[in-house]
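Chain by chain, the residues run as shown.
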Amino acid sequence: MTLTELKYIVAVAREKHFGKGAEACHVSQPTLSVAIKKLEEELQVKLFERNANEITVTPLGEEIVRQAQSVLEQADNIREIARRGKDPLAGALRLGLIYTIGPYLLPDLVRQIIAHTPQMPLILQENFTVKLLEELRTGEIDCAILAEPFPDANLAIAPLYDEPFMAAVPGSHPLAARNSVTAEELKKETMLLLGTGHCFRDHVLEVCPEFARFSSSAEGISKSFEGSSLETIKHMVAAGMGITLVPRLGVPKEALAEQSAAKKGSTGKDDSVAGQASFIKYLPFEGHVPTRRVVLAWRRSFTRYEAIAALRNAIYACELPGVSRLS
């Protein structure tokens, strides 16, 4: 058997499809099918049940696929050991991020990586938490930036920062005249949520469980809408369709600067900005401030310790306004 054959069976087991498995391995489907059949003949076992509409892994195949994944990871480790002998940071680092972190952290993070470790480019992927955890397990990515909590996957975890939430309300909303807001005051508002699968949706529901009530007659939130991305939801807020919560790094610097300038203008200190229209007002919470903990996770078997340390240093070198850094 060869490492290539092991790579093929891992891909088919993951994709549950020969064509998609071949695409993931950048080979034709006949090439992949012939190699897998050859491996099955050599092992004298059936790895996959080939049905009309789907491919399933046999019980014995599941065990063999797990071992194949381990062998592939160990083979990668040999390459990494050799590479570290020349430069511990040489080679790309495959980094996954959840959708509500990537757009706000990456611009600064990529600049830091280019400036300090250009020999370690980042291969980036955004996805849902559950998908990133699976890709960590199978070795498709090396590490991931996630928000707790998430299922224990026996990963190594390094806390990065605690990030507060802010309420985003339309500029024409009565709450926009306020300097802060409470969770209690949001209960009867129309809440705009991310769709199922986004962990940030769960964070919002933890802050105000009433947001889970979809009925217009229910006590608490009157109605809720779902969006595919936080940026899309912000546009809905700007259009006056409702309110939402935003992680602190997701609040544009210009918006806070404008709010601060407008506040000074209202007291007579800067009349030139007093009349500026603001489509969204970002409000901090009074009293208990809801937050999320952002962490870096990687497989315990991952051997590029220097790369993980360099990535953490690059994250800490980012500006990260309004968050509490953790060591």
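See the structure above.
Residues numbered from 1 in each chain as written. Predicted model: local features only at pLDDT ≥ 70, side-chain atom pairs only at ≥ 80, totals over all residues. Heavy atoms only, no water.

## Side note on the overall build of the protein chain
Put simply, the test is: Helix numbering and strand numbering both begin at the N terminus, where a helix is a DSSP run of H or I of at least 4 residues and a strand a DSSP run of E of at least 2. We call a residue buried when its accessible area falls under 20% of the maximum for its residue type, exposed when it is over 50%, and partly exposed in between, using a 1.4 Å probe and counting protein chains only. Throughout, a residue-residue contact means that at least one pair of heavy atoms, one from each residue, lies within 4.5 Å. Computed by Shrake-Rupley with a 1.4 Å probe, the accessible areas treat only the displayed protein chains as cover when residues are assessed.
Scanning the protein chain from terminus to terminus reveals 10 helices and 12 strands. Looking at the protein chain as a whole, 47% of its 327 residues are labelled buried. Taking the intrachain contacts of the protein chain between residues at least 6 apart in sequence as the baseline, contacts between residues at least 24 apart amount to 74%. Surface accessibility of the protein chain: about 16500 Å² in total, with carbon and sulfur atoms responsible for 54%.

## Notes on the pattern of salt bridges
Any two side chains of opposite charge can pair, given that their charged atoms come close. Here is the rule: For salt bridges, the criterion is a side-chain nitrogen of Lys or Arg within 4 Å of an Asp or Glu carboxyl oxygen.
Following the criterion strictly, the structure yields 16 salt bridges and no others. Its salt-bridge partner being Arg14, residue Glu140 comes within 3.4 Å of it at the nearest N-O pair. Linking Glu140 in the loop between helix 6 (129-138) and strand 5 (143-147) with Arg14 in helix 1 (residues 3-15), this pair joins segments that are 126 residues apart in sequence. Linking Lys234 and Glu231 is a salt bridge whose minimum nitrogen-to-oxygen distance equals 3.1 Å. Of the two residues, Lys234 and Glu231 both sit in helix 8 (residues 230-238), 3 residues apart, roughly one turn of that helix. With a relative accessible area of 7%, Lys234 lands in the buried category. By relative accessible area, Glu231 is classed as partly exposed at 35%.

## Let's talk about the nonpolar core
Our working rule: Among buried residues, those of type Ala, Val, Leu, Ile, Met, Phe, Trp, Tyr and Cys that are joined through side-chain atoms within 4.5 Å constitute a nonpolar core.
By size, the foremost hydrophobic cluster in this structure holds 71 residues, and its most contacted members are Leu95, Leu109, Ile145, Tyr161, Leu296 and Leu311. At 10 residues, strand 6 (residues 155-170) tops the list of elements feeding residues into this core. Residue contacts for Leu109: discarding those within four places in its chain leaves Leu95, Leu122, Ile145, Leu311, Ala314, Ile315 and Cys318. Listed in part, the 21 residues of the second largest apolar core include Tyr8, Val10, Phe18 and Leu72.

## A closer look at the layout of surface pockets
The following threshold applies: In this analysis the probe radius is 1.4 Å and the grid spacing 1 Å, with only protein atoms considered; a cavity is a set of points the probe fits into but cannot get out of, a pocket is an open set with protein on both sides within 12 Å along at least five of seven lines, and lining residues have an atom within 4 Å of a point. Grid points are joined across faces, edges and corners, and a volume is the space filled by probe spheres set on the points. When residues are sorted by character, Ala, Val, Leu, Ile, Met, Phe, Trp, Tyr, Cys and Pro go into the nonpolar class, Asp, Glu, Lys and Arg into the charged class, and all the rest, Gly among them, into the polar class.
Looking at the largest pocket, its volume works out to about 910 Å³. Lining the largest pocket are 34 residues, and of these Lys7, Asp76, Arg94, Gly139 and Glu140 sit closest to its centre. Of all elements in the fold, only helix 1, helix 2 (18-25), helix 4 (59-86), strand 3 (93-98), strand 4 (122-127) and helix 6 reach the threshold of two or more residues within the lining of the largest pocket. Looking at the lining of the largest pocket element by element, the count peaks at 9 residues for helix 4. For the lining of the largest pocket, a count of residues per class yields 13 nonpolar, 8 polar and 13 charged. The computed volume of the second largest pocket comes to approximately 400 Å³. For the lining of the second largest pocket, the secondary-structure elements that each account for two or more residues are helix 1, helix 4 and helix 6. Per-element tally for the lining of the second largest pocket: the top contributor is helix 4, with 7 residues. By residue class, the composition of the lining of the second largest pocket is 4 nonpolar, 5 polar and 8 charged.

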